[in-house]
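A closer look at the structure
In case you want the letters, here they are:
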Amino acid sequence: MRLYPLIRPLAFALDAESAHRMTIAALKLVPPRRPPDFPPSLKTTVAGLDFPTPVGLAAGFDKDAEVAEQMLSMGFGFVEVGTLTPRPQHGNPRPRLYRLTQDQAVINRMGFNNRGQPDAFQRLIDCTHVHGVIGVNVGANKESVDRIADYAEGVRAMAPVAKYLTINISSPNTPGLRQLQDEGALSALLEAVNEARPKNGPPVFLKVAPDLGEGEPDQIIRVAMQHGVDALIVANTTVSRPPLKSRFAVEAGGLSGAPLKSLALKALRDFRSASGGEIPLIGVGGIATADDAWERIRAGASLVQLYSAMVYQGPHIAVHIARGLAERVSLAGFSNIAEAVGSE
Ligand SMILES: Cc1cc2nc3c(=O)[nH]c(=O)nc-3n(C[C@H](O)[C@H](O)[C@H](O)COP(=O)(O)O)c2cc1C
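It should be emphasised that the depicted structure is a prediction, and the values quoted were computed from it without experimental measurement.

Here we come to the sheet that holds strand β5 (residues 97-100). A sheet is described by the order of its strands in space; here 3 strands give the open sequence β5-β6-β11, paired in antiparallel fashion. Every other strand in the sheet has two partners, leaving β5 and β11 (254-257) as the edge strands with one partner each. Strand after strand, the sheet turns through a mean of 20° between neighbouring axes, direction not considered. Judged from the 4 bridges that link them, β5 and strand β6 (residues 105-108) form a sheet pairing that is antiparallel. Residue pairing in the sheet places Arg 99 in a bridge with Val 106 of β6.

Further remarks concern the environment of Glu 278. Relative to the helices and strands, Glu 278 is located in the loop between α8 (261-275) and β12 (281-284). Note on Glu 278: relative accessible area 60%, which makes it exposed. Sequence separation between Glu 278 and Ile 221 is 57 residues, and the spatial gap between their C-alpha atoms is 9.5 Å.

Time to look at unusual backbone geometry. Here Gly 82 and Thr 83 are connected by a cis peptide whose omega angle stands at 15°. The omega torsion across Val 234 and Ala 235 is 25°, close enough to zero to call that bond cis. With respect to the helices and strands, Ala 235 occurs in the loop between β10 (231-234) and β11. The phi torsion at Gln 104 lies on the positive side, around 50°, for a residue other than glycine. Structurally, Gln 104 can be placed in the loop between β5 and β6. Judged by relative accessible area, which is 38%, Gln 104 ranks as partly exposed. At Phe 112, a position not held by glycine, the phi torsion is positive, near 55°. Looking at the element boundaries, Phe 112 is found in the loop between β6 and α4 (117-127). Note on Phe 112: relative accessible area 3%, which makes it buried.

What counts and how
Residues numbered from 1 in each chain as written. Predicted model: local features only at pLDDT ≥ 70, side-chain atom pairs only at ≥ 80, totals over all residues. Heavy atoms only, no water. Pairing = 2+ DSSP bridges. Helix = DSSP H or I, 4+ residues; strand = E, 2+ residues; numbered from the N terminus. Axes fitted to C-alpha atoms, helices over the stretch in contact; angles between N-to-C directions. Buried < 20%, exposed > 50% of the residue type's maximum accessible area, 1.4 Å probe, protein only.

What follows is the structure, given as structure tokens:
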């Protein structure tokens, strides 16, 4: 039985952050079980990792790696925990998370609230036997005097418990962080990451913003490829404000969900044309249906992730989208989802 239609009114009666905390607390009580079976046509390999489906849970839902195994049980093809910073931090003052229900969107200015990498490390050790893919997203502490050193520390510290690592330089809620996307800074950052990366360690992904200027995707692709980045995650939340109906539209922070969809799709296409398919892309932003995921895959994404649509539809969304993708693969006459990547 699907429980979310019953739980949703209760969750929506609470403010968004309390609802999120309640959800994590409830999920922690659920014993992890074997994930559902998926059609073999959805199996795909990216950066040397095997995924049962291309539909993943985006970073930010399970910041402290408390329920990664449960989310795999719910049918996500992979789960990204974090963002985790080297030292614990509280993040911005509450309220800092808003549901824009009329817009099927979310605005957040959490500011990397998390209990720190050492704390999550302990829990992730217990997950290393898990068959599924758990990626670890790392960031820099707000007060850090050397942000690049924080990323290097995150890579060194979390590599033993991560199937992949994500370098997140695209959160709009840590002032100045997005400047690490500039060519010179990005090059210095990725050099430090490569030095910290253990031999035979996990692949490294780079997560970028959807708010880039003309020519920036080309620069980022060039630098990422020079430094052997294994995949790009496109994209984080937007600081732009497309037309919105909700009264929370004026809140500061990053916007995600339905209004981000066209922007994130455009960013993905820009990165695809900049890379010519030479580097795997992971499409994120406003994905809520199998059609959205299919469109993103055909535009060049080898994998997709989502977060905001799960707030509105519940965790069953992962299975729902995966089954819809399997149908579309066979309707299009492909035998595997990988054949659809970039086929638009
Ligand atoms: C409440 C919230 C917190 C988030 N926190 C993080 C984070 O810590 N690190 C990160 O890389 N992305 C974070 N994100 C961004 C998501 O991973 C994703 O890139 C973005 O929400 C777009 O996808 P969506 O439209 O499916 O939500 C967060 C998003 C939301 C809504």
